[in-house]
Each structure stands twice: as structure tokens, then as C-alpha cells.
Amino acid sequence: MKLIEVKREYGLNQNTFYGWLRENQMIIKEMTGYVIGPKAFEGMETRTNRRVNDDGEILITTQVIIDNQKSLNYWNSMNPPFTKTLLEPKSWRVSDSELLTVN
């Protein structure tokens, strides 16, 4: 599963999700795209794609993919669950049991 598919499945904001992954050193942004970082969890790997453009140049891109079952186990084992962490902006959180509401 690609990271973008994880983002869609959980209804996450892409900038927040990728930022969180970078901040926690699970992914690293390189010139070719994203690669796994030093704190990547089991089931994450870097996929390298090569293609030739119209000028005959070989273009290399990278992306991080995640094993579906291992990712579900990882996400669900987090405390607090990563969806709660990413879906609730930190600036709005008063405590773990209380959130400010914006009307």
C-alpha cells in the first residue's frame, strides 16, 4: 500500500501525515521522492521506479510502500492511536480527554 492510500483510507491531511512521518524519522524526503527513514517500522520499504523520458534520459523515482497487515498492526498499536494524534490539531487539544471545539 502506498502512503497516499494510507492517507486516503484514514482520511488524513497529506501535509500533516507526511510531516508526522518525517518528524518521527519514518520517511525521508530525497530528490527522487520519499525513502524509508531510520525509524521505519517493519513492513515499510522503498520502491524504486525507473522510466525513460522522451529524450532518452532515465528518470528514477522513489516512494515508500507499506505492507497492509503490518501497517494496520502498527497504526492500531500506537498510544494514542495515530489517527487521534493526526486528526486532532495539537493547538486545539487541551488534554487527552478534552478538546476545544471551533464553531
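Just above sits the structure.
About the thresholds
- Residues numbered from 1 in each chain as written.
- Predicted model: local features only at pLDDT ≥ 70, side-chain atom pairs only at ≥ 80, totals over all residues.
- Heavy atoms only, no water.
- Helix = DSSP H or I, 4+ residues; strand = E, 2+ residues; numbered from the N terminus.
- Buried < 20%, exposed > 50% of the residue type's maximum accessible area, 1.4 Å probe, protein only.
- Pairing = 2+ DSSP bridges.
- Polar contact = N/O pair within 3.5 Å; in protein donor to acceptor, adjacent residues only side chain to side chain.
- Arc of directions from axis to C-beta.
- Contact = heavy atoms within 4.5 Å.

Caption draft 1: A look at the overall build of the chain. Scanning the chain from terminus to terminus reveals 4 helices and 6 strands. Shown N-terminal to C-terminal, the secondary structure of the chain runs as helices and strands in the order α-α-β-β-β-β-α-α-β-β. Every one of the 103 residues in the chain was classed for burial, and the buried ones make up 29%.

Caption draft 2: The arrangement of the pairing of strand β4 (residues 58-66) in detail. In terms of strand pairing, strand β3 (residues 44-52) meets β4 through 9 bridges, oriented antiparallel. Looking at β4, one finds that Asn 49 is bridged to Thr 61.

Caption draft 3: Focus on the side chain of Asn 53. Structurally, Asn 53 can be placed in the loop between β3 and β4. Residue classification places Asn 53 among the buried residues on the basis of a relative accessible area of 18%. A distance of 2.9 Å separates a polar atom in the side chain of Asn 53 from the backbone nitrogen of Asp 55.

Caption draft 4: Fine view of helix α1 (residues 3-10). Among the residues of α1, those classed as buried are Leu 3, Ile 4, Val 6 and Lys 7. All buried residues of α1 project into a common sector of 160 degrees when viewed along the axis, lining one side. In the segment just after α1, Gly 11 is the residue with positive phi, at about 70 degrees.

Caption draft 5: Here's a closer look at the environment of Val 52. On the secondary structure map, Val 52 appears in strand β3. Owing to a relative accessible area of 56%, Val 52 belongs among the exposed residues under this scheme. Not counting residues up to four positions away in its chain, the partners in contact with Val 52 are Glu 57 and Ile 58.

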